[in-house]
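What the coordinates show
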Amino acid sequence: MTLDPIHVENIARLAYGIAGDVDTTDHEDLARRVWDDWLTGLRRDGRAVIEPVAGHERRRTPIDDVALAERPFGTVHGLDSGTINPTTFKNGLVVDVAHAAMAAEPTDLDLHRDRTIVATVHAGDSTADFDGEWTRRDDGHTRQRVLHAPRVNRYAEGVVHALALYLAEGTHALDHADEVEELLVLDGPIYPKELFTWEDRDPELGELAREAKPRAVVEKYVRLVERFVERDVPLAGFVKNPSSRTIVRTLARKGFESPWPDDTALFTRLLERREKGGRTAGSGGSGGTGRGGSGGGDARLDDDLTFTTWFHSRGGADGTMAADADALGIKRELGPELYEPTFMVLYDPRTDVTYKLEAPYAFTRDAGTRDRLTRQVLADVATTRGPPAAVGKADALARIDATEKAALRRKFEERFDSAQQATYDDHRWGKERY
């Protein structure tokens, strides 16, 4: 133990000074003002970056009732991709491997066996060429290839990670699209948004995003939307850890001093319900079992799921697929507005976690489809206390655990006849070698 009891006590006392300067009542009033006055059509540079699809409401539903309600979709498919994380070797290669799988609820074991594997490699040697064609293994159940990433001076690890992850996921989704009969939910956003952020992060990355290989990865998601629209089967994405800052950044540009670090914190403030002096604060309503937590001792009400209606999103990374943007130059066969991301936000008070459900406007323009997607995700979260069951299954299938990652990295070391490039943190934190 590095801290004596007196040190722990002294650090804890710092909280008193911090808490005394934060008035959460003001935050509640600010959140209500943002909801009422700004989120009805928040604009930046002339574009409405956040705008209601139809109604503009905060709603709630009893958890027990919605968990027992009939699901709008009888069979749901989930899809996820896991990676070993970028690894740098002493011979100059940077490698990541992604592994995508699709799951079904109810279970489909034959589908669960199918996998798509992509190894992406970046080399400092401009004469090297590692590109390979797609090949099949495991009696045709595994499709795999090596992708040689475009050369960059910086961010090589981020580039190989994003290209491996999204190429595996997008390819697997397209290959199995026709097996989805009712609903496909991606584990994460509906588009490869990490690639969309490259233009904002660095000029070199921005140019790279428009090169052939990254554009080909993004195009798979554009074609995926078109395939599902053609088949009249909804496509959605369940975001477990939303990190968008579109709203708070746009408000800051307008001179609005936001106390929230990101949009998720704002929506959590809007959707959390607490009992205050016999009345309910937050999204409205009364009743429920109290649970303590942050917020000055007021009990958090945890009998209802709270959620928003649907919004258009055309700012930040989502701006790439806005109707008035060029989608990195990729041809869109449908009306450009149909590809725009839309979303609703859901808050589970039992776990104090806020989620986002995304879907292209091609599906959410229909009120009936919006309602079915909303009811489905509410029922799933109420039942699992987390992601929908199909998403959870896909995550379990695609995940590469720490032992497997270490073993795979050792295989690469043997094949390359080159050790991983170690860091002091590897030594400090006792990184195991298998």
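Residues numbered from 1 in each chain as written. Predicted model: local features only at pLDDT ≥ 70, side-chain atom pairs only at ≥ 80, totals over all residues. Heavy atoms only, no water.

Identification of the chain as DNA double-strand break repair nuclease NurA from Halorubrum rubrum is taken from an unreviewed UniProt entry.

Scanning the chain from N- to C-terminus turns up 16 helices and 19 strands. A compact globule built from 434 residues should have a C-alpha radius of gyration of about 22 Å, and the chain, at 23 Å, falls within 12% of that. Relative to its 434 residues, the chain shows a buried fraction of 47%. Pairs at least 24 residues apart make up 72% of the contacts formed inside the chain by residues separated by at least 6 positions. (Helix = DSSP H or I, 4+ residues; strand = E, 2+ residues; numbered from the N terminus. Rg over C-alpha atoms; globule rule 2.2 N^0.38 Å. Buried < 20%, exposed > 50% of the residue type's maximum accessible area, 1.4 Å probe, protein only. Contact = heavy atoms within 4.5 Å.)

Quick look at the packing of aromatic side chains now. Tallied over the full model, the rule gives eleven aromatic pairs. For the ring pair Trp38 and Phe256, a centre distance of 6.3 Å and an interplane angle of 70° mean the geometry is edge-to-face. Pair noted here: Trp38 is in helix α2 (residues 24–38) and Phe256 is in the loop between α10 (246–253) and α11 (263–271), with a separation of 218 residues, a long-range link. Classification of Phe256 as buried rests on a relative accessible area of 8%. Within the aromatic cluster, the residues linked to one another by ring pairs are Trp35, Phe267, Phe311 and Phe343. (Phe/Tyr/Trp six-rings, centres within 6.5 Å; stacked < 30°, edge-to-face > 60°.)

If you trace the backbone, His176 turns up in the loop between α5 (156–175) and β10 (184–187). Using a relative accessible area of 7% as the deciding quantity, one classes His176 as buried. Dropping the residues within four chain positions of it, His176 is found in contact with Met102, Leu111 and Asp114.

The next subject is empty space enclosed by the protein. Evaluated as defined, the whole model comprises three cavities of 30 Å³ or more. Here the largest cavity is characterised by a volume of approximately 120 Å³. For the largest cavity, the lining is made up of 15 residues, of which Ser244, Asp263, Phe267, Phe343 and Lys356 are closest to its centre. Secondary-structure elements contributing two or more residues to the lining of the largest cavity are α10, α11, β18 (341–348) and β19 (353–360). Among the elements that make up the lining of the largest cavity, the one with the highest residue count is α11 (three residues). (1 Å grid on protein atoms, 1.4 Å probe; cavity = no way out; pocket = protein on both sides within 12 Å on 5 of 7 lines; lining within 4 Å. Points joined across faces, edges and corners; volume = space filled by probe spheres on them.)

A separate point is the packing of α10 against α11. Packing of α10 against α11 brings their axes to within 6 Å, and their N-to-C directions diverge by 100°. With respect to their mutual orientation, α10 and α11 come out roughly perpendicular. The segment α10 lies against α11, with Thr246, Ile247 and Val248 engaging Asp263, Leu266 and Phe267. When the residues that make up the contact of α10 with α11 are grouped by side-chain class, the tally is four nonpolar, one polar and one charged. (Axes fitted to C-alpha atoms, helices over the stretch in contact; angles between N-to-C directions. Parallel < 35°, antiparallel > 145°, perpendicular 65-115°, else oblique. Nonpolar A, V, L, I, M, F, W, Y, C, P; charged D, E, K, R; others polar.)

Trp198 and Phe228 are the most contacted members of the largest nonpolar core, which totals 51 residues. When residues of this core are traced back to their parent elements, those giving at least two are β6 (94–105), α5, β10, α6 (193–196), α8 (203–209) and α9 (212–231). Every residue in contact with Trp198, bar those within four places of it in the chain, is listed here: Gly158, Val159, Ala162, Leu163, Leu205, Gly206, Leu208, Ala209 and Pro214. Counting 25 residues, the second largest nonpolar core, distinct from the first, contains Ala236, Leu346, Ala359 and Leu373. (Core = buried A, V, L, I, M, F, W, Y, C linked by side-chain atoms within 4.5 Å.)

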